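Each chain, written out:
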Amino acid sequence: MFSNAEVGIDLGTANVLIYTKSKGIVLNEPSVVAIDTRTKQVVAVGNDAKNMIGKTPGHIVPIRPLRDGVIADFDTTTQMLRVLLKKVSKTAGLSMRKPSVVVCTPSGSTAVERRAIHNAVKNYGAKEVHLIEEPVAAAIGADLPVAEPTASVIVDIGGGTSEVGIISFGGVVSCKSVRVGGDHMDEEIIQFVRKNFNVLIGESTAENIKMEIGHALIDHKEETMEVRGRDLVTGLPRVVTVTSTQVQSAIKETLESIFTAIRDTLENCPPELSGDIVDHGITLTGGGALLKGMQDWLKQEVNVPVHMAPNPLESVAIGTGRSLQMIHKLQKAAK
């Protein structure tokens with residue numbers, strides 16, 4: 001059974017989510033830490049730090065300690081976890097003394113990267129740390145029958161990585177992890193506006209553009225959006241109008257990489273499970289799944305049903321928490 005001190009953590013490139021059985025999702029904050037470079041002290045974490053991006057004095061630097069789904073800055077990640085878990089124990093009234101923790105890792109991560117995630121959580125003072133592959137966690141959180149002998153296909157489009165996995169009998173039959181996701185779409189939008197309008201915009205603006213008028217590679221009625229940035233020639237603020245068709249062409253490369261990963265995973269699927277995929281289709285999770293037209297575009301390309309998880313943004317965290325009940329079964333299946 002769960003106790004107060006058993007938690008599931010989705011340590012994502014864009015957001016950290018913490019789940020407990022008794023309270024569900026108790027924290028969902030950006031994976032951003034603001035550091036004072038003079039004192040090396042953490043100034044802010046999560047939402048507070050994200051709000052500082054592009055608006056701070058020179059000595060306060062907001063950084064993302066996770067890149068492409070894995071830890072890029074070990075010490076900062078440990079500090080970020082410490083602050084967020086302390087916040088959870090205060091706001092949710094949960095005892096966080098020596099918790100048992102399950103953390104998800106990208107399926108393509110190396111042994112060194114997994115060890116870094118394990119150690120970062122252990123350094124917080126966790127009693128025991130279990131690692132679970134992201135596609136399995138996403139499938140559990142999306143209410144797919146992962147323990148059954150039928151194929152469940154999950155496509156988890158996160159901030160730094162996109163994971164595609166075919167799961168059967170509680171284990172991963174075929175999977176592919178590509179280090180592209182929502183953050184790469186934002187970066188491509190920044191580069192597009194810079195190249196075509198000579199205007200520099202920030203990450204938050206690019207993310208807003210993607211959410212407001214971003215579309216997957218399908219026909220749609222063109223939308224426009226006014227974007228504010230800094231003119232690279234004059235150095236003065238400037239407003240430009242960006243269309244949804246332009247944004248679509250900017251993020252095309254990332255979307256095609258995700259589709260290639262899906263196709264490669266399905267090609268490596270055992271023939272016995274292919275029939276299940278035709279019947280049950282693919283389930284989408286992650287923030288990238290919410291891009292307008294994503295479901296229709298993939299349905300058109302893959303030619304099987306494409307479903308949206310009940311709660312795409314929180315599926316991995318929910319699955320990570322739920323897996324505490326079945327972690328030993330999953331570990332046996334993985335051996």
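Residues numbered from 1 in each chain as written. Predicted model: local features only at pLDDT ≥ 70, side-chain atom pairs only at ≥ 80, totals over all residues. Heavy atoms only, no water.

Enquirer: Now, about the sheet that holds strand β4 (residues 33-36): what can you tell me, with residues and values included?
Expert: The three strands are arranged β5-β4-β6 in an open sheet whose pairing can be described as antiparallel. Each having just a single partner strand, β5 (41-45) and β6 (60-63) make up the two edges of the open sheet. Averaged over neighbouring strand pairs, the angle between their axes works out to 30 degrees when direction is ignored. Across four bridges, the pairing between β4 and β5 is antiparallel. Note on β5: the bridge partner recorded for D36 is Q41. (Pairing = 2+ DSSP bridges. Helix = DSSP H or I, 4+ residues; strand = E, 2+ residues; numbered from the N terminus. Axes fitted to C-alpha atoms, helices over the stretch in contact; angles between N-to-C directions.)

Enquirer: Could you give me a rundown of the domain arrangement of the chain, with the residues and numbers involved?
Expert: Once the domains are mapped, the chain shows domain 1 (6-137 + 315-334) and domain 2 (144-309). Of the residues lining the interface, 21 residues belong to domain 1; the matching set on domain 2 comes to 23 residues. Here domain 1 meets domain 2 over a buried area of about 1700 Å², counting both sides, of which 53% is carbon and sulfur. When the area that domain 1 buries against domain 2 is broken down by residue, the three leading residues are D68, P135 and V136, summing to 29%. At the junction of domain 1 with domain 2, the criterion picks out three salt bridges. Summed over the shared surface of domain 1 and domain 2, the number is three residue pairs in polar contact (both at pLDDT 80 or more). The set of elements that each furnish at least two residues to the side of domain 1 that touches domain 2 consists of α4 (134-141) and α11 (315-334). The greatest single-element share of the side of domain 1 that touches domain 2, amounting to five residues, is contributed by α11. Taken together, the residues of the side of domain 1 that touches domain 2 break down into nine nonpolar, six polar and six charged. (Domains from an automatic or database assignment. Contact = heavy atoms within 4.5 Å. Buried area = accessible area lost by both parts, 1.4 Å probe. Salt bridge = Lys/Arg side-chain N within 4 Å of Asp/Glu carboxyl O. Polar contact = N/O pair within 3.5 Å; in protein donor to acceptor, adjacent residues only side chain to side chain. Nonpolar A, V, L, I, M, F, W, Y, C, P; charged D, E, K, R; others polar.)

Enquirer: Please provide a residue-by-residue account of the sheet that holds strand β14 (residues 199-200), values included.
Expert: Read from one edge of the open sheet, three strands run β14-β15-β16, paired in antiparallel fashion. Looking along the sheet, the strands with just one partner apiece sit at the ends: β14 and β16 (237-243). Pairing of β14 with strand β15 (residues 224-231), which is carried by two bridges, proceeds in the antiparallel orientation. Bridging from a neighbouring strand, V199 pairs with D231 of β15. Running at roughly 110 degrees to β16, helix α5 (residues 182-197) makes contact with β14 and β16 of the sheet. Strands β15 and β16 of the sheet are contacted by helix α6 (residues 203-213), whose axis makes an angle of about 170 degrees with β15.

Enquirer: Could you give me a rundown of the pattern of salt bridges, with the residues and numbers involved?
Expert: Here the structure, examined in full by the defined rule, presents 14 salt bridges. A salt bridge links E133 to R114; its shortest N-O distance comes to 3.5 Å. Of the two residues, E133 sits in strand β10 (residues 128-133) while R114 sits in helix α3 (residues 111-124), which places them 19 residues apart along the sequence.

Enquirer: Lay out the packing of aromatic side chains with the relevant residues and their values.
Expert: The full count for this structure, using the stated rule, is one aromatic pair. With 6.2 Å between their ring centres and 55 degrees between their planes, F259 and W297 make a pair best called tilted. Separated by 38 residues along the polypeptide, F259 in helix α8 (residues 252-267) and W297 in helix α10 (residues 294-302) bring together distant segments of the chain. For F259, a relative accessible area of 13% corresponds to the buried category. On the accessibility criterion, W297 (3% relative accessible area) is buried. (Phe/Tyr/Trp six-rings, centres within 6.5 Å; stacked < 30°, edge-to-face > 60°. Buried < 20%, exposed > 50% of the residue type's maximum accessible area, 1.4 Å probe, protein only.)

Enquirer: Before we move on, can you summarise the nonpolar core with the specific residues and values?
Expert: Looking at soluble globular proteins, one finds that nonpolar side chains tend to be buried together. Among the nonpolar cores identified, the biggest contains 46 residues, and I201 and W297 are the most heavily contacted of them. Broken down by element, the residue count for this core peaks at six residues, all from α5. Apart from residues no more than four positions distant in its own chain, W297 is found in contact with A216, L217, I218, L255 and F259. (Core = buried A, V, L, I, M, F, W, Y, C linked by side-chain atoms within 4.5 Å.)

Enquirer: Provide a residue-level description of the side chain of T13, including the pertinent values.
Expert: Mapped onto the secondary structure, T13 falls in the loop between β1 (6-11) and β2 (15-20). Beyond its immediate sequence surroundings of up to four residues, T13 is in contact with S31, R64, L66, R67, D68, G69, G159, G160 and D183.

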